[in-house]
Amino acid sequence: MTVFNHQDGEYLQIDSARIYYEQQGNEGGSALVFLHGGLGDIETFNLLTPHLGKHYRLIGVDSRGQGKSTLGTSPLTYKRIQQDVEAVVHHLGLVNAGIIGHSDGGIAALRLAAKGHNWINTLVTIGAHWDLSADDPTRKMYAGVTAARWRELFPEQVNRYLALNPEPDFDRLMTAVQALWLDESEDAYPGETVSAISTDTLIVRGDDDRLVSRANAMELAERVTGAKLLNIPFADHCVQESQPKWLLCVLDEFLKR
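The rules behind each value
Residues numbered from 1 in each chain as written. Predicted model: local features only at pLDDT ≥ 70, side-chain atom pairs only at ≥ 80, totals over all residues. Heavy atoms only, no water. Buried < 20%, exposed > 50% of the residue type's maximum accessible area, 1.4 Å probe, protein only. Helix = DSSP H or I, 4+ residues; strand = E, 2+ residues; numbered from the N terminus. Contact = heavy atoms within 4.5 Å. Core = buried A, V, L, I, M, F, W, Y, C linked by side-chain atoms within 4.5 Å. Pairing = 2+ DSSP bridges. Axes fitted to C-alpha atoms, helices over the stretch in contact; angles between N-to-C directions.

Visitor: Now, about helix H3 (residues 104-114): what can you tell me, with residues and values included?
Guide: Across the 11 residues of H3, 11 count as buried, placing the element largely inside the fold. If you check which residues of H3 are buried, you get Asp104, Gly105, Gly106, Ile107, Ala108, Ala109, Leu110, Arg111, Leu112, Ala113 and Ala114. Its buried side turned inward, H3 meets strand E3 (30-35), helix H2 (78-92), strand E5 (97-102), strand E6 (120-126), helix H7 (170-182) and helix H8 (214-223). Just beyond H3, the residue with positive phi is Gly116, at close to 85 degrees.

What follows is the structure, encoded as structure tokens:
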């Protein structure tokens, strides 16, 4: 069974951080790069990988400070995550690849596609904000997050991070991720630059997503020329985990096109 396992990967040194990446699936297939959500890791895609790995070369990247990647000393921004992915892609010599990004990973993927990289052939975002306005309720939610509260709500996730990460410091990571979520600079959410995206794009949202509104997903779809919008019922923010079978049906059709 093809899954990301945090045993078969390698590290790439990028400034002060060591970025972990792992390859699975069909070595001769077209490449798919997986970018996970905040405070997660590449194994959150493992309900999709057994199926996709039959045909595609799967490349999972643990975002800076998360999974097995170290945080380093640079500020954690979506631009920084974007640049880390660019470095991994360059290191692997990829010239033609799709990207599947969830939440924070999807935001970084939007930044990558908006930059006009010619190696990106398809883009799939799952539960990803293209913009987070000052009056978006999610911004207030992010502002109230603390490390202690996260430990209370998601103890298994925190314990997993502590077990995986070679330099674990959850308080420091939580501070960095909160700053990432609330950032309003040019290094943050892609905003109107998404209008420059020309690659084939599929925007996925779970209908019970409490972070990304229907309106936000629709606004993104309207800004990216030719984008397809998939709103899946009975799915939450993590569609790849709550409704993987329904998502895979559409992914198969989208990727083969």
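What follows picks up the thread again.
Visitor: Describe in detail the nonpolar core, supporting the description with residues and values.
Guide: Within the largest apolar cluster, 33 residues are counted, with the highest numbers of intra-cluster contacts made by Val33, Leu35, Leu94, Ile99 and Ile197. Element by element, the count of residues in this core is highest for H3, at five residues. Residue contacts for Ile99: discarding those within four places in its chain leaves Val33, Leu35, Ala109, Leu112, Trp119, Ile120, Thr122, Leu123 and Val124. One finds Ala128, Val145, Val158 and Trp181 within the second-largest nonpolar core, a separate group that totals 26 residues.

Visitor: Could you give an account of the sheet that holds strand E1 (residues 10-14), naming the residues involved and the relevant values?
Guide: Strand order in this open sheet of eight strands is E1-E2-E4-E3-E5-E6-E7-E8, and the pairing throughout is mixed. Where the open sheet ends on each side, the last strands, each with one partner, are E1 and strand E8 (228-232). If you compare each strand with its neighbour and ignore which way they point, the axes differ by 20 degrees on average. Here E1 pairs with strand E2 (residues 17-25) via five bridges, running antiparallel. Each bridged residue has a counterpart across the sheet, and for Glu10 the counterpart in E2 is Tyr21.

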